Amino acid sequence: MKKIVLTGGGTAGHVTPNIALFPALKEAGYEISYIGSYAGMEKQLIEEQNIPYYGISSGKLRRYKDLRNLTDPFRVIKGYAQSVSLLRKIKPDVVFSKGGFVSVPVVLAAKRLRIPAIIHESDMTPGLANKIAIPAACKVCCNFPETVDYLPKDKAVLTGSPIRQELLSGDKEQAARLCGFTMDKPVILVVGGSSGSKFINDAVRGLLDDLLANYQIIHLCGKGNIDKLYNNRSGYIQFEYAGKELRYMFALSSLVISRAGANAICELLALHKPNILIPLSAAASRGDQILNARSFEKQGYSYVIEEENLTKETLDAAIKKVMTEKETYISNMKSSQQLDSIHTILKLIEEASEKKKKKCKRCKVLILYKTLHLYFYFFFLFYLYHIQNFFHFIIRKL
């Protein structure tokens, strides 16, 4: 059976595209294993899929001053040693990485063991973890056409982002029952990212009285961010996080307010959901979400509010504009040339796997050739030695 190791973690965006690949990989006959951090959110997400999970030591690669910058390199080195040991044990044909800090030692270990590694970069420009890992990869998949310019030409492949197919088959009536909503008011789904967003949470709750006059609100506010003061508001429901229920929530929603992580916005595009994007500010990130959001805004898929400009007033104006022009946004998204990312990535994985097998066959042939060469060489030396002794014996007799 063919074997593959997937890696990636830290945020849901580094995990859910890997999960989207699982059905296709299983259908293609791959035995799947996953390497992540000891206690990252990826551990729970992957174990829920009944996939063998292996935890390793990992350290964050920070761009700012922090005392942990002195200790984390040692954690990465330990993670590298653990990855080498795990890959030797699992013996995968290929490694697929979705990025995040935990993926770096795994990809470098694959390079050390001559296992082909394929990386996926979701954002417009490569993140620090992928920048370190790119030299060790055989191919680098990307989401945006603009990203190709930032990658080695012989490695870059425009694939798009794998989308979980179950998101496309949600049941709005099931979502209404789950949330206790009626079907006579449109629903706004608020998604603040896997860890939530205080800026978005505060803006939505500050506008809640006005919104509930015309809408029902599903608010995914992030772990530890549920406000009990709003628990009994009619037409408003809070969740820390949504797993399998998310597809039902998407089906029920008429508008989505979201961060601008690459995987999240690609899901919105695939679902043709009118949306308002509030990207993470440049002060709190490397600015990748701003680039993602502006690209979608330029193509007519999204309305963008930068975090610095987010207020009750700007959010209210954005909701009114997008709901008024929602058919235009839907039409633009339906006209997009979406890529069959799962099929394209699976093809790259198969090609890398086959190339490795051919190399292994060539190695076996080369080893056999060298072994036979040495055998005949020593046989020849042995033959010469005995011939020489024979002639010496004849000469002595004469």
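Higher on the page you've got the structure.
Residues numbered from 1 in each chain as written. Predicted model: local features only at pLDDT ≥ 70, side-chain atom pairs only at ≥ 80, totals over all residues. Heavy atoms only, no water.

Draft legend 1. Layout of the pattern of salt bridges. With the rule as written, the count across this model stands at 12 salt bridges. E350 is paired through a salt bridge with K2; the nearest N and O atoms lie 3.2 Å apart. Taken together, the positions of E350 in helix α14 (residues 341–397) and K2 in strand β1 (residues 2–7) put the pair 348 residues apart, joining distant regions of the chain. Residue classification places E350 among the partly exposed residues on the basis of a relative accessible area of 22%. According to the relative accessible area criterion, K2 is buried, its value standing at 17%. The partner of D202 in a salt bridge is K198, with the nearest N and O atoms 2.7 Å apart. Note that D202 and K198 are positioned in helix α7 (residues 198–206) at a spacing of four residues, about one turn of the helix. Bridged by salt links that share partners, the residues D123, R286 and D288 form one connected network. (Salt bridge = Lys/Arg side-chain N within 4 Å of Asp/Glu carboxyl O. Helix = DSSP H or I, 4+ residues; strand = E, 2+ residues; numbered from the N terminus. Buried < 20%, exposed > 50% of the residue type's maximum accessible area, 1.4 Å probe, protein only.)

Draft legend 2. Focus on the side chain of N130. Position of N130 among the secondary structure elements: in helix α5 (residues 128–133). Judged by its relative accessible area of 4%, N130 falls in the buried class. Here H120 takes part through its backbone oxygen, which lies 3.4 Å from a polar atom of the side chain of N130. Residues contacting N130, with those up to four places away along its chain left out, are G99, I119, H120 and E121. (Polar contact = N/O pair within 3.5 Å; in protein donor to acceptor, adjacent residues only side chain to side chain. Contact = heavy atoms within 4.5 Å.)

Draft legend 3. The arrangement of empty space enclosed by the protein in detail. By the definition in use, this model includes one cavity of 30 Å³ or more. Its volume calculated, the largest cavity comes out at about 30 Å³. Lining of the largest cavity is provided by T16, P17, S161, P162, I163, R164, N263 and E267. Broken down by secondary-structure element, the contributors of at least two residues to the lining of the largest cavity are α1 (16–27) and α10 (262–271). Of the residues assigned to the lining of the largest cavity, the class counts are three nonpolar, three polar and two charged. (1 Å grid on protein atoms, 1.4 Å probe; cavity = no way out; pocket = protein on both sides within 12 Å on 5 of 7 lines; lining within 4 Å. Points joined across faces, edges and corners; volume = space filled by probe spheres on them. Nonpolar A, V, L, I, M, F, W, Y, C, P; charged D, E, K, R; others polar.)

Draft legend 4. Region of the structure containing helix α11 (residues 288–298). Within α11, the full set of buried residues consists of D288, Q289, I290, N292, A293, S295 and F296. Just downstream of α11, G300 is the residue with a positive phi angle, here 80 degrees.

Draft legend 5. Broad picture of the sheet that holds strand β6 (residues 139–142). Taking strand neighbours across the sheet as the criterion, the seven strands line up as β3-β2-β1-β4-β5-β6-β7 in an open arrangement whose pairing is parallel. The two strands at the open ends of the sheet, each matched to only one other strand, are β3 (53–56) and β7 (156–158). This sheet shows a mean twist of 25 degrees between the axes of neighbouring strands, independent of strand direction. Sheet analysis places β6 next to β7, joined by three bridges and oriented parallel. (Pairing = 2+ DSSP bridges. Axes fitted to C-alpha atoms, helices over the stretch in contact; angles between N-to-C directions.)

Read these as layout, nothing more, since geometry by itself doesn't imply function.
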